[in-house]
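# Report on the structure
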Amino acid sequence: MMASLAKLMTVMLAWDKIKQDNLDPAVTLIEMPVDLLRGSSDYYKFYKKGEKISLSTLIQSTLIASSNEAAYALACWHSGSESYFIPQMIRKSHMLGLTNSHYTSCSGLERSAYTTAQDMSKLAKVFVSKYTTLASYCSLKYFEFNGKKVSNTNKLLLSHAAVIGLKTGNLVGIGSNLINYWIDEDVHYISIVLGAESQESCYELSKRIMHNYASLTASES
């Protein structure tokens, strides 16, 4: 299962177009094509259909608050519709060598999408090294818009100072995912947890991985 990990590919493609067209994402506005997507939570609803929102704001809410509507708006802006956007996701995944991943939506709400820890590791490495502005958004603890403020969906950011990203992916009935990114003594680490039984167990597994790396590093020093 992939869930909202798909949003990393969505914002990467949006960023590619921003750079290609030499746009300023802070001042480039696009019209919201939807109000609330089926399967989305009102808690993460920030925008109204027809409202003009900057690309920068949409990208940040996609990464920090995992907004399905923001991801959908980016996909429609990029390709005209989500159905035209998905082939672009698949094309880029092939370019990146993600041989065991399949994208079926820009948000990850479609349950037929799938991936592997190895593929997500490849994607994460490209994301943090080639898309540094986007990666910096993932380290922000909160997203706020029009007076509404929500915490980053990666709760480890709030409890572990070394954590600086990267992306959660949760889908009811499927499981919980987390690509965790942290730095310890100038060494960059990425861990992947896919299909955990709950968000709590996903975070516990991720913390255990962090602890094991820290113990290993300490024993080698």
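In short, a report on the structure.

Read across the sheet, three strands follow the order 5-6-7 without closing on themselves; strand pairing throughout is antiparallel. Among the strands making up the open sheet, the edge pair consists of strand 5 (163–171) and strand 7 (187–196). In this sheet, neighbouring strand axes are inclined to one another by 5° on average, regardless of whether the strands run parallel or antiparallel. One ladder, built from eight bridges, connects strand 6 (residues 175–184) with strand 7; its direction is antiparallel. Each residue of the ladder has a partner; that of I179, found in strand 7, is I192. Along the sheet, helix 5 (residues 117–130) contacts strand 5, strand 6 and strand 7; its crossing angle with strand 7, the most-contacted strand, is approximately 140°.

With that out of the way, let us pick up the side chain of S67. Along the chain, S67 falls in the loop between helix 2 (55–64) and helix 3 (68–79). Excluding its chain neighbours within four sequence positions, the residues that come into contact with S67 are K7, Y44, Y47, S61 and T62.

Glancing now at the nonpolar core. By size, the foremost hydrophobic cluster in this structure holds 55 residues, and its most contacted members are Y47, L58, I59, L63, Y103, F127 and L134. At the level of secondary structure, the elements contributing two or more residues to this core comprise helix 1 (6–20), helix 2, helix 3, helix 4 (82–95), helix 5, helix 6 (132–138), strand 3 (142–145) and strand 6. Here this core gets nine residues from one element, more than from any other, and that element is helix 1. Those residues within four positions of I59 in sequence are excluded, and the remaining contacts are V11, W15, I18, L74, L134 and Y137. Of all hydrophobic cores here, the second largest spans eleven residues; its members include L178, Y189, A196 and Y203.

Now for the packing of helix 1 against helix 3. Contact pair helix 1 / helix 3: the axes reach a minimum separation of 10 Å and the direction vectors enclose 40°. Classified by the angle between their axes, helix 1 and helix 3 sit oblique to one another. For helix 1 against helix 3, the interelement crossing comes out left-handed. Judged by residue contacts, K7, T10, V11, L13, A14, K17 and I18 of helix 1 engage N68, A71, L74, W77 and H78 from helix 3. By residue class, the composition of the contact of helix 1 with helix 3 is seven nonpolar, three polar and two charged.

For the rest of this paragraph, the subject is the environment of E110. Along the chain, E110 turns up in the loop between helix 4 and helix 5. For the pair E110 and S139, spaced 29 residues apart in sequence, the C-alpha separation works out to 26 Å. Those residues in contact with E110 that lie beyond four places of it in its chain are T104 and S105.

A few words now on the packing of aromatic side chains. The description of two aromatic rings rests on the distance between their centres and on the angle between their planes. As enumerated under the stated definition, the model contains eight aromatic pairs in all. Judged by centre distance (5.9 Å) and plane angle (50°), the rings of F46 and Y47 are tilted. Positioned above the aromatic ring of W77 is the side chain of K17, whose terminal nitrogen or guanidinium carbon lies 5.3 Å from the ring centre. A cation sits over an aromatic face here: K148 above F46, 5.3 Å from the ring centre.

Bringing unusual backbone geometry into the picture now. A cis amide bond links G165 with the next residue in sequence, L166, at an omega value of 20°. Among the secondary structure elements, L166 is positioned in strand 5. Positive phi, normally seen in glycine, also occurs at N22, with a value near 55°. Position of N22 among the secondary structure elements: in the loop between helix 1 and strand 1 (29–31). Even without glycine at this site, E185 takes up a positive phi of about 55°. Topologically, E185 is positioned in the loop between strand 6 and strand 7. Judged by its relative accessible area of 69%, E185 falls in the exposed class.

About the thresholds
Residues numbered from 1 in each chain as written. Predicted model: local features only at pLDDT ≥ 70, side-chain atom pairs only at ≥ 80, totals over all residues. Heavy atoms only, no water. Pairing = 2+ DSSP bridges. Helix = DSSP H or I, 4+ residues; strand = E, 2+ residues; numbered from the N terminus. Axes fitted to C-alpha atoms, helices over the stretch in contact; angles between N-to-C directions. Contact = heavy atoms within 4.5 Å. Core = buried A, V, L, I, M, F, W, Y, C linked by side-chain atoms within 4.5 Å. Buried < 20%, exposed > 50% of the residue type's maximum accessible area, 1.4 Å probe, protein only. Parallel < 35°, antiparallel > 145°, perpendicular 65-115°, else oblique. Left-handed = near helix turned anticlockwise from the far one by under 90°. Nonpolar A, V, L, I, M, F, W, Y, C, P; charged D, E, K, R; others polar. Phe/Tyr/Trp six-rings, centres within 6.5 Å; stacked < 30°, edge-to-face > 60°. Lys NZ or Arg CZ within 6 Å of the ring centre and 35° of its normal.

Any functional reading would require information beyond the geometric quantities listed.
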